[in-house]
Amino acid sequence: MTSGAQVDGRSDKEKSIDDWLPITSSRNAKWWYSAFHNVTAMVGAGVLSLPYAMSHLGWGPGIAVLILSWIITLYTLWQMVEMHEMVPGKRFDRYHELGQHAFGEKLGLWIVVPQQLICEVGVDIVYMVTGGKSLKKFHDVICAPHCKDIKTTYFILIFASVHFVLSQLPSFNSISGLSLAAAVMSLSYSTIAWGASAHKGRLPNVAYGYKAHTTGGTILDFFTSLGDVAFAYAGHNVVLEIQASIPSTPGKPSKKPMWKGVVVAYIIVAICYFPVALIGYWAFGNSVEDNVLISLEKPRWLIAVANMFVVIHVIGSYQVFAIPVFDMMETVLVKKFHFTPGLTLRLISRSLYVAFTMFVAITFPFFGGLLGFFGGFAFAPTTYFLPCIMWLAIYKPKRFSLSWISNWICIMFGILLIVLAPIGALRTIILQAKTYKFYN
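Reading the values: rules and limits
- Residues numbered from 1 in each chain as written.
- Predicted model: local features only at pLDDT ≥ 70, side-chain atom pairs only at ≥ 80, totals over all residues.
- Heavy atoms only, no water.
- pLDDT = per-residue confidence, 0-100.
- Contact = heavy atoms within 4.5 Å.
- Phe/Tyr/Trp six-rings, centres within 6.5 Å; stacked < 30°, edge-to-face > 60°.
- Helix = DSSP H or I, 4+ residues; strand = E, 2+ residues; numbered from the N terminus.
- Buried < 20%, exposed > 50% of the residue type's maximum accessible area, 1.4 Å probe, protein only.
- Lys NZ or Arg CZ within 6 Å of the ring centre and 35° of its normal.
- Axes fitted to C-alpha atoms, helices over the stretch in contact; angles between N-to-C directions.
- Parallel < 35°, antiparallel > 145°, perpendicular 65-115°, else oblique.
- Left-handed = near helix turned anticlockwise from the far one by under 90°.
- Nonpolar A, V, L, I, M, F, W, Y, C, P; charged D, E, K, R; others polar.

### Topic: the confidence of the model for the protein chain
Step number 1: With 92% of its residues at a pLDDT of 70 or more, the protein chain has an overall mean of 85.
Step number 2: This stretch, residues 1–8, has a pLDDT under 50; its non-local contacts, to residues over four places away or in other chains, come to 14 contacts.

What follows is the structure, given as structure tokens:
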């Protein structure tokens, strides 16, 4: 159905609210919007931690987990694209609307909304940290060796100040230029990361054995790295919202251009992820930093450029993950609390959100641990197995059919992630917190 036909039967007030809300306000996106929105959502800060994840997983398990994650998340993304318009004449524009269709009005909200919020707010907090740290690295590289040491806190504040302005952009389509720039940057800094690692070559005393000196430490590091990989595949939380911006008619449903964009995005994801993970680990072994760009000290100008690319990319990524949160906030404020939709409401609510993510990022900038924790605790459900559970609940495939078996494999893999990854990540956060000084 077209967006015009969809709102038949609603009052003028409801129609005007839907036309104002970020997700449903604009439906004229092309298939390539889907491609670069998905690349921006997917290829984030996580790609730079993949060599570090490999150092804890080892060659065999590391490659297996990377490939498995790529296949499983592409499959679950396909399921979500298919389910967007499974009911004739209706579009599930938001993740929680699909959850409500699968699990019921109340239960669907309680299952999906907390997980989606943890994911999206969690990503934005991690991107605040990444943006600030990359700005600091850019500054330190450019002015070395005569740098005056400036606290990371100040760089996070500079990064956040950009978002107080950009957060006022109303919808996905209004950030399409920013998202395209971010997608190009992600491809660029990923190429720099693996290209500079390959150019540098293997370190003289490179070691590929596990870092931890105890069996317990090795196992917990392994768990953390599973979370790092899960974090790297984080785009599912915004996929329905991205698809909602594409026009749809009975003859030309939105799933066709959306899927075309997703396939292009996943090819780019593979081009970014696999060389960075494998070449970064090959070059530095188990001495690689949790952000591979930090391990690369020379050539200085190239490292500075790469860090600035990261900053531009996470500016776009932050907005892609923030828009569904803005949509939830504004829906509740306007529909439940009857605030008047308009510029004032948007200015106050969105600025408070940016301020909140900035405050948490400044207070707890444990980059590696945060990735593992949010990756396992939050992304595993919404990315690896919630789409499968909804597919089983709605389509009810025959027991032991190919669809039934593949969905259960994904569910088991996702449950392993949600149980194991946060355990290791909490240990990493605790270890880093021992030496951490607040607001340093």
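So, next bit.
### Examining the packing of aromatic side chains
Step number 1: Taken as a whole, this structure holds 15 aromatic pairs when the rule is applied.
Step number 2: The interplanar angle of 40° and the centroid separation of 4.3 Å between the aromatic rings of W391 and Y395 together place this pair among those described as tilted. In this pair, W391 and Y395 are both assigned in helix α16 (residues 367–395), 4 residues apart and thus about one turn of the helix distant.
Step number 3: A residue is classified by how much of its surface remains accessible, and Y395, at 38% relative accessible area, is partly exposed.
Step number 4: Among the aromatic residues, those joined into a ring-pair cluster are Y75, W78, W391 and Y395.
Step number 5: Between R346 and the ring centre of W20, over which it is positioned, the NZ or CZ distance is 4.2 Å.

### A few points about the packing of helix α7 (residues 105–143) against helix α15 (residues 343–363)
Step number 1: Packing of α7 against α15 brings their axes to within 8 Å, and their N-to-C directions diverge by 60°. Our classification of the angle between α7 and α15 gives oblique. The handedness of the crossing between α7 and α15 comes out as right-handed. The residues of α15 that touch α7, namely those facing E120, V121, D124, I125, M128 and V129, are Y353, V354, F356, T357, M358, V360 and A361.
Step number 2: Of the residues in the contact of α7 with α15, the class split is 10 nonpolar, 1 polar and 2 charged.

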